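# Examining the three-dimensional arrangement
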Amino acid sequence: MYIKSMDNAFSLAGKNAIVTGGNKGIGLGITTALASQGANVAIFARDETSAREVIKDLGAKYNVRLSFYKTDISDMQSCKDSVDRCAADCKSIDILVNNAGAAFGGNLLDLEEDLSSWFKCFEVDLHGAVRMCYHVCKHMRDMGKGGRVINITSNAGEICNKPSLLSYASAKAALNHFTRCFAAEVAEYGIRVNAIAPGFTFSNFSKNIPEEAYKMMCREIPIGRFAEAVEIGALAAFLAGDASDAMTGAVLTMDGGYSLGH
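Residues numbered from 1 in each chain as written. Predicted model: local features only at pLDDT ≥ 70, side-chain atom pairs only at ≥ 80, totals over all residues. Heavy atoms only, no water.

The subject of this paragraph is the overall build of the protein. Counting its secondary structure elements, the protein contains eight helices and seven strands. Across its three principal axes, the protein shows a C-alpha extent of roughly 45 × 40 × 40 Å. Classification of the 262 residues of the protein by burial places 48% in the buried group. A separation threshold of at least 6 residues defines the contact pool for the protein, and within that pool the share at least 24 residues apart is 72%. Total accessible area on the protein stands at roughly 12800 Å², and carbon and sulfur atoms take up 55% of it. Side chains of the protein give 26 positive and 29 negative charges; the mean places of these two sets differ by 5 Å. (Helix = DSSP H or I, 4+ residues; strand = E, 2+ residues; numbered from the N terminus. Buried < 20%, exposed > 50% of the residue type's maximum accessible area, 1.4 Å probe, protein only. Contact = heavy atoms within 4.5 Å. Areas by Shrake-Rupley, 256 points an atom, 1.4 Å probe, with all protein chains shown as cover. Lys, Arg positive; Asp, Glu negative; His and termini not counted. Charge placed at Lys NZ, Arg CZ, Asp CG, Glu CD.)

Structure below.
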């Protein structure tokens, strides 16, 4: 539904969201941002302990419903079961954020002969998002209320970093194009599909970087710093709401300008 005025243009009050991997890192920043704008958030993750801690913490700050569904996005049945239970519990699903991901392997010629780490990366970073889109968007279509899908990709999907993590970069590039093509496919149902491509962001993966290494990396970033997870969350909150109804198929890079010189 497009906005007719700026009144509550960015409110997510009463919306029901799923955030995969919403218990840590960028996912936690997204969960926090959506909840702060009034969305009820279901965290789909494997680690129940950390998810319960997030629910307890954010539940004390925001008057929204926070829930947890143990899910392995590399498994089709696990995705289906969790989505079906969430849809039954919440009555509708309005927002899907495909955030969960992983990086495996290194240079292609150094991988094991069966390329298992290559395929494992695609199972999570690409196929995991596709599985979730398949199940969630069927619910959105059948409810007839439209919805929002936000895929968290990476600036690595558009540039060649060194070290490259080729499997990760390739999976994210494929997810970028999936975002564009799927957006065209489901637009008629009122479902908007966009992506955020972060660069270096403070998360569980980056918090242990030595200070000197961090300073050296920041010299390559025009704004001179890593992004904060909640900043990625703020952009996700915009894409999740009515203010972005005219946007679909967009891949928005949020890397402090790093990709401009790479």
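What follows continues from the structure just given.
Burial of strand β5 (residues 147–152) is extensive: six of the six residues sit out of reach of the surface. Going residue by residue along β5, you find Gly147, Val149 and Asn151 tucked away on one face and Arg148, Ile150 and Ile152 tucked away on the opposite face as well. Both strand β4 (residues 95–98) and β5 contribute to a ladder of four bridges, which runs parallel. By the bridge assignment for β5, Ile95 is matched with Arg148. (Pairing = 2+ DSSP bridges.)

Time to look at the sheet that holds β5. The strand order across the open sheet formed by seven strands is β3-β2-β1-β4-β5-β6-β7, and the pairing between neighbours is parallel. Two strands close off the open sheet at either side, each with one partner strand: β3 (66–70) and β7 (251–254). Going across the sheet, the axis of each strand differs from the next one's by a mean of 20 degrees, ignoring polarity. Its contacts with the sheet place helix α5 (residues 127–143) against β1 (16–20), β2 (40–45), β4, β5 and β6 (191–198), and it is angled at close to 175 degrees to β4. Most of the contacts of helix α6 (residues 166–186) go to β6, to which it runs at about 160 degrees, and overall it touches β5, β6 and β7. (Axes fitted to C-alpha atoms, helices over the stretch in contact; angles between N-to-C directions.)

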